[in-house]
Amino acid sequence: MKFKKAMDQESLIIECLRCGTRNRLPRVRIHDKPHCGKCHAPLDVHGFAVRPLETTDAKFAVDVLAAAQPSLVFFYSPTCPYCRMLSPVIDELAVKFEGAALISRINVTVNPVTAQQFGIQGVPTLLLFREGKLMKRMVGVLSGDEIERTLKGIIKLS
Ligand SMILES: [Zn+2]
């Protein structure tokens, strides 16, 4: 848990291409289209390692339900072999959909409340949200193509 907390608070220094100000930004915020603190130009976050946002029971409402973008949540457990198979697929989608959809994941072992709230029967399970509403539930190991198609369908609705 100590390690995870450190990961959450990891921050980046991103230099503004317009005014040169060095902006400190928590890594998790690179999904939020950050702007320069001084001149408000959009910061170029391209090139920083994009990965799924690690959310928790405490942050789920803010991270996922209040997200401006359509959102995919990967419910996983670190000990589940099928989750480990799906994990790189989800990482890839985070890169592919950066700016178009929020890709996040939640460890159900330490975050049981959200899993219970959405009736997660087993992992891996993917839930797709749009404007705080559950749009689609996908259970088990699916191909990246299949997830991508479904996600694009949800994005088109918005
Ligand atoms: Zn600037």
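Everything that follows concerns the structure shown earlier in this document.
Fair warning: this is a prediction, and the values are worked out from it, not measured in the lab. (Residues numbered from 1 in each chain as written. Predicted model: local features only at pLDDT ≥ 70, side-chain atom pairs only at ≥ 80, totals over all residues. Heavy atoms only, no water.)

## Regarding unusual backbone geometry
A cis amide bond links Val 123 to the next residue, Pro 124, at an omega of 0°. Residue position: Pro 124 is located in the loop between α4 (112–117) and β6 (125–130). Backbone geometry at Lys 33 places phi at a positive 50°, although glycine is not the residue there. Topologically, Lys 33 is positioned in the loop between β2 (22–26) and β3 (53–55). Positive phi is not limited to glycine here, since His 40 has a value of about 65°. Examined against the element boundaries, His 40 turns out to sit in the loop between β2 and β3. (Helix = DSSP H or I, 4+ residues; strand = E, 2+ residues; numbered from the N terminus.)

## Examining the coordination of the zinc ion
On the protein side, the zinc ion has Cys 16 (SG), Cys 19 (SG), Cys 36 (SG) and Cys 39 (SG) as donor atoms, found 2.3 to 2.4 Å from it. With relative accessibility at 35%, the residue Cys 19 sits in the partly exposed group. Looking at Cys 36, the relative accessible area reads 1%, which means it is buried. (Donors = N, O, S within 2.8 Å, 3.2 Å for Na, K, Ca; no water. Buried < 20%, exposed > 50% of the residue type's maximum accessible area, 1.4 Å probe, protein only.)

## Considerations on the pairing of strand β7 (residues 133–139)
Pairing of β6 with β7, which is carried by six bridges, proceeds in the antiparallel orientation. The residue of β7 that forms the bridge with Leu 128 is Lys 136. Where β6 folds back onto β7 in an antiparallel hairpin, the turn is made up of two residues, including Glu 131, whose phi is positive at roughly 50°. (Pairing = 2+ DSSP bridges.)

## Regarding the nonpolar core
The nonpolar side chains of a soluble globular protein tend to be buried with one another. Ranked by size, the top nonpolar core spans 19 residues in total, and within it Leu 72, Phe 74, Ile 90, Ile 103, Leu 126, Ile 147 and Leu 151 carry the most contacts. The greatest single-element share of this core, amounting to five residues, is contributed by helix α3 (residues 81–96). In this structure Leu 72 touches Ile 90, Leu 102, Ile 103, Ser 104, Leu 126, Leu 127, Leu 128, Ile 147 and Leu 151, once residues within four positions along its chain are discounted. Of all hydrophobic cores here, the second largest spans 11 residues; its members include Val 64, Val 73, Ala 115 and Leu 127. (Core = buried A, V, L, I, M, F, W, Y, C linked by side-chain atoms within 4.5 Å. Contact = heavy atoms within 4.5 Å.)

## Concerning the side chain of Thr 150
Here Thr 150 shows up in helix α5 (residues 144–157). Among the polar contacts listed, one links the side chain of Thr 150 to the backbone oxygen of Glu 146, at a separation of 2.9 Å. Aside from chain neighbours lying at most four places away, what touches Thr 150 is Leu 128, Lys 136 and Met 138. (Polar contact = N/O pair within 3.5 Å; in protein donor to acceptor, adjacent residues only side chain to side chain.)

## Thoughts on the pattern of salt bridges
Any two side chains of opposite charge can pair, so long as their charged atoms come close to each other. Enumeration over the complete set of coordinates arrives at five salt bridges. The partner of Arg 130 in a salt bridge is Glu 131, with the nearest N and O atoms 3.9 Å apart. Close ionic contact of Glu 148 with Lys 152 constitutes a salt bridge, the shortest N to O distance being 3.1 Å. On the criterion of helical spacing, the pair formed by Glu 148 and Lys 152 is a turn pair, its members being four residues apart in helix α5. Several salt bridges converge on common partners, so that one network encompasses Lys 96, Glu 148 and Lys 152. (Salt bridge = Lys/Arg side-chain N within 4 Å of Asp/Glu carboxyl O.)

Honestly, that's just the spatial picture; any functional story needs more than this.
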